[in-house]
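Descriptive analysis of the structure
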Amino acid sequence: MKTTVDIHDELLVRAKRHARSTGRPLRAVVEEGLRAVLSAQAPVDPYRLPDLSVGDPTDEDPLEAYSWQDLSEMIHEHPGEP
């Protein structure tokens, strides 16, 4: 498969020099490098948010009785106060 990639000039010069010195085409050197990086890469565990819940999840929600409008008014009524 053909593709186009941008490679830093100095890196490309070094890769071509290596290909010439080993008697291989540049494509083979690039493929070897990709295989080495991909096989050496450790599996990445997905990030999980820590559970920072407070209180008992079975307790009644004290905010359930309020609408979004009520909550917004309460928040903006006294900004900065706990």
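How each quantity is defined
Residues numbered from 1 in each chain as written. Predicted model: local features only at pLDDT ≥ 70, side-chain atom pairs only at ≥ 80, totals over all residues. Heavy atoms only, no water. Helix = DSSP H or I, 4+ residues; strand = E, 2+ residues; numbered from the N terminus. Rg over C-alpha atoms; globule rule 2.2 N^0.38 Å. Buried < 20%, exposed > 50% of the residue type's maximum accessible area, 1.4 Å probe, protein only. Areas by Shrake-Rupley, 256 points an atom, 1.4 Å probe, with all protein chains shown as cover. Lys, Arg positive; Asp, Glu negative; His and termini not counted. Charge placed at Lys NZ, Arg CZ, Asp CG, Glu CD. Expected span 1.5 Å × (residues − 1). 1 Å grid on protein atoms, 1.4 Å probe; cavity = no way out; pocket = protein on both sides within 12 Å on 5 of 7 lines; lining within 4 Å. Points joined across faces, edges and corners; volume = space filled by probe spheres on them. Nonpolar A, V, L, I, M, F, W, Y, C, P; charged D, E, K, R; others polar. Patch = residues over 30% accessible without salt bridge, like charges linked within 9 Å, V, L, I, M, F, W, Y side chains within 5 Å. Salt bridge = Lys/Arg side-chain N within 4 Å of Asp/Glu carboxyl O.

Each helix and strand counted, the protein has 3 helices and 0 strands in total. A compact globule built from 82 residues should have a C-alpha radius of gyration of about 12 Å, whereas the protein, at 29 Å, is more than 25% larger. Principal-axis analysis of the C-alpha atoms places the extent of the protein at approximately 75 × 30 × 25 Å. Burial analysis of the protein (82 residues in total) assigns 5% to the buried set. By element, 57% of the accessible surface of the protein is carried by carbon and sulfur atoms, the whole surface being about 8,400 Å². Distance from the positive charge centre (9 side chains) to the negative charge centre (16 side chains) of the protein: 39 Å.

This part is about helix H1 (residues 9-22). Look at H1: 20 Å from first C-alpha to last across 14 residues, which is about the 20 Å you get at 1.5 Å a residue. Gly23, located one to two residues past H1, shows a positive phi value of around 70°.

Moving on to the layout of surface pockets. Of the volumes computed, that of the largest pocket is approximately 360 Å³. Residue composition of the lining of the largest pocket, grouped by class: 6 nonpolar, 2 polar and 3 charged. When its volume is computed, the second largest pocket comes out at roughly 150 Å³. If you go around the second largest pocket, the residues you meet are Leu11, Arg14, Ala15, His18, Arg24, Val29, Val30, Glu32, Gly33 and Leu34. Mapped by element, the contributors of at least two residues to the lining of the second largest pocket are H1 and helix H2 (26-40). Ranked by residues supplied to the lining of the second largest pocket, first place goes to H2 with 5 residues. Taken together, the residues of the lining of the second largest pocket break down into 5 nonpolar, 2 polar and 3 charged.

The subject of this paragraph is a nonpolar patch on the surface. A surface patch of nonpolar side chains, amounting to about 390 Å² of accessible area, comprises Val30, Leu34, Val37 and Leu38. Along the polypeptide, Leu38 turns up in helix H2. By relative accessible area, which is 57% here, Leu38 ends up exposed.

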